[in-house]
Amino acid sequence: MEINIFTSAAFLLLVKTAVLIILFFYVIFALMVIRQVDLMSKTIITTTSKILSAIAIIHAGFAIGLIVLAWGIL
Amino acid sequence: MFPAYVENPLNCRFEGQDADEKILLLLRAHPITNLNWVIPAIVLLFTPFFIPAVFSFLNLNIASIPPSFGIVFLIINFLLIMTVTFEGFLHWYFNVYIVTDKNIVDCDFHSILFKNIDVAPLRNIEDTSSSMGGILNSLFHYGNVFIQTAGASRNIDFHSVPRPHHVADFILDEAHKLYGN
C-alpha cells in the first residue's frame, strides 16, 4: 500500500507548527522594519517618508493577519 | 520620481542639518544597481509556477497537498517578495550621499537596524578622485568617488553614483570656493 506523507496527520501538524513559528518570526521582522523606516525617515527627511511608514505598517498588518489566517485554516 | 542625482533638492533635509546649511547635491547609487534585488524578486514571483514541475520531477503528487497549505505557502511567497522589494528599495532610497555648502555627508544603512553617518567638513577636503570600470558602469555612466580628508578623519567614499567625474569635480570646486580660489 502506498503511503502519502502529505495526507499524514503528523506531517501536516509538523508543517503547521513550522509555518506558525516562521510567521511568528516574520511578524517580529515586520515590526523591526517599521522601526527601521522610522529611523531612516528621521535621518533623511523627505516627502516620501510618510508613504514608506504607511507601507511598513500595512506590511506588518498583513504579517499579523497571516498568522491568524494560518492558525485558522491549517 | 526617485532620482539618483539631484542638484539643489527641494523638500529634503537630513538629521543634524544646520538652519543655514543648504544641500547642493543629493546622490544615491545609480538605479541600475537595484537589479541586485529586482532579479531575486522576479525569480520569487515566478517560483509558484515551477512548483508543479518540481513535484512531478520528484514523483510526488501535488494534488494530495491540502489546498489550505497551498494558499498559505502562496501568501508567504508574496510576503517574501514584498520583503525583498521593500528592503531593497529602502536600502537604495535612504543610502544617500549629500554635499552641502558646509559638509559632505555619507548616510549608510548597512542592515536592518545599523546606521552609519560620516560627516566631513568641506574645508577638510584635500583631494577627490573618481573611478568607473565594468560593463554596466560604462553603459549607464556610474562609478565611485573617493574623497580624501585632512588629518585623522575618515575618508569618504561614494559608491556607484551617477556621473562620478562630475561629482568629484563639483566637490573639489565647492571646497575651493571656501578657500576663495
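Residues numbered from 1 in each chain as written. Chains lettered and ligands numbered in written order. Predicted model: local features only at pLDDT ≥ 70, side-chain atom pairs only at ≥ 80, totals over all residues. Heavy atoms only, no water.

**Q** Pulling in residues and values, what's your account of the overall build of chain A?
**A** Of regular secondary structure, chain A possesses 2 helices and 1 strand. Its helices and strands in sequence order give chain A the pattern α-β-α, from N to C terminus. Scaling as 2.2 N^0.38, a compact globule of 74 residues should have a C-alpha radius of gyration of about 11 Å, whereas chain A reaches 18 Å, well beyond that. Based on the C-alpha atoms only, the size of chain A along its principal axes is roughly 65 × 15 × 15 Å. Residue pairs in contact within chain A that sit at least 24 positions apart in sequence constitute 67% of those at least 6 positions apart. In the form shown here, chain A has an accessible surface area of approximately 4,400 Å², with 80% of it arising from carbon and sulfur atoms. (Helix = DSSP H or I, 4+ residues; strand = E, 2+ residues; numbered from the N terminus. Rg over C-alpha atoms; globule rule 2.2 N^0.38 Å. Contact = heavy atoms within 4.5 Å. Areas by Shrake-Rupley, 256 points an atom, 1.4 Å probe, with all protein chains shown as cover.)

**Q** Which residues make up the pairing of strand β4 (residues 97-100) of chain B, and what values go with them?
**A** Residues and elements named next belong to chain B. Burial along β4 is two-sided: Tyr97 and Val99 and Ile98 and Thr100, pointing in opposite directions, are all buried. Examined bridge by bridge, strand β3 (residues 23-27) and β4 share 4 bridges and lie antiparallel to one another. The residue of β4 that forms the bridge with Ile23 is Thr100. Looking at chain direction, β4 and strand β5 (residues 103-111) are connected through 3 bridges and run antiparallel. If you follow Val99 over to β5, its bridge partner there is Ile104. Taking the residues that link successive antiparallel strands as the turn, the β4-β5 hairpin has 2 residues. (Buried < 20%, exposed > 50% of the residue type's maximum accessible area, 1.4 Å probe, protein only. Pairing = 2+ DSSP bridges.)

**Q** So what's going on with the sheet that holds strand β1 (residues 5-7) of chain B? Which residues, and what values?
**A** Residue and element names in this part refer to chain B. Spatial strand order, β1-β3-β4-β5-β6: 5 strands in an open sheet with antiparallel pairing. The sheet terminates laterally at β1 and β6 (114-121), the two strands that pair on one side only. Geometrically, the sheet is characterised by an average inter-axis angle of 10 degrees between neighbouring strands, direction not taken into account. (Axes fitted to C-alpha atoms, helices over the stretch in contact; angles between N-to-C directions.)

**Q** So what about unusual backbone geometry? Which residues, and what values?
**A** Residues and elements named next belong to chain B. Although it is not a glycine, Asn8 sits at a positive phi angle of roughly 45 degrees. Positionally, Asn8 belongs in the loop between β1 and β2 (12-14). In this structure, Asn11 is a non-glycine residue whose phi angle is positive, near 55 degrees. Within the secondary structure layout, Asn11 lies in the loop between β1 and β2.

**Q** Tell me about the sheet that holds strand β9 (residues 156-162) of chain B, and name the residues and values.
**A** All names here are of chain B. Judged by pairing direction, the sheet is antiparallel, and its 3 strands sit side by side in the order β7-β8-β9 without closing on themselves. Every other strand in the sheet has two partners, leaving β7 (125-131) and β9 as the edge strands with one partner each. On average, adjacent strands in this sheet sit at an angle of 20 degrees to one another, irrespective of strand direction. The sheet contact formed by β7 and strand β8 (residues 142-149) spans 6 bridges and is antiparallel. Among the inter-strand pairings, Ser130 is bridged to a residue of β8, identified as Val145. Helix α4 (residues 164-179) contacts β7, β8 and β9 of the sheet and is inclined by roughly 170 degrees relative to β7.

**Q** Lay out the packing of helix α1 (residues 9-43) of chain A against helix α2 (residues 49-73) of chain A with the relevant residues and their values.
**A** Residues and elements named next belong to chain A. At a closest axis distance of 9 Å, the pairing of α1 and α2 adopts a crossing angle of 165 degrees. Here α1 lies roughly antiparallel to α2, going by the angle between them. In the crossing of α1 with α2, the sense of the turn from one axis to the other is left-handed. Counted by class, the contact of α1 with α2 contains 21 nonpolar, 4 polar and 1 charged residues. (Parallel < 35°, antiparallel > 145°, perpendicular 65-115°, else oblique. Left-handed = near helix turned anticlockwise from the far one by under 90°. Nonpolar A, V, L, I, M, F, W, Y, C, P; charged D, E, K, R; others polar.)

**Q** A description of the pattern of salt bridges should follow, citing residues and the corresponding values.
**A** A complete count under the given rule lists 6 salt bridges over all chains for this structure. Across the pair A:Lys42 and A:Asp38 runs a salt bridge whose closest N-O atoms are separated by 3.3 Å. Taken together, the residues A:Lys42 and A:Asp38, both in helix α1 and 4 residues apart, mark about one turn of the helix. In this structure A:Lys42 comes out as partly exposed when scored by relative accessible area, which is 49%. Assessed through its relative accessible area of 29%, A:Asp38 is described here as partly exposed. B:Lys115 is the partner of B:Glu15 in a salt bridge, and the nearest nitrogen-oxygen pair spans 3.0 Å. (Salt bridge = Lys/Arg side-chain N within 4 Å of Asp/Glu carboxyl O.)

**Q** Outline the environment of B:Gly70, listing residues and values.
**A** With respect to the secondary-structure elements, B:Gly70 resides in helix α2 (residues 67-94). Note: C-alpha distance between B:Gly70 and B:Pro48 (22 residues apart in sequence) is 9.7 Å.

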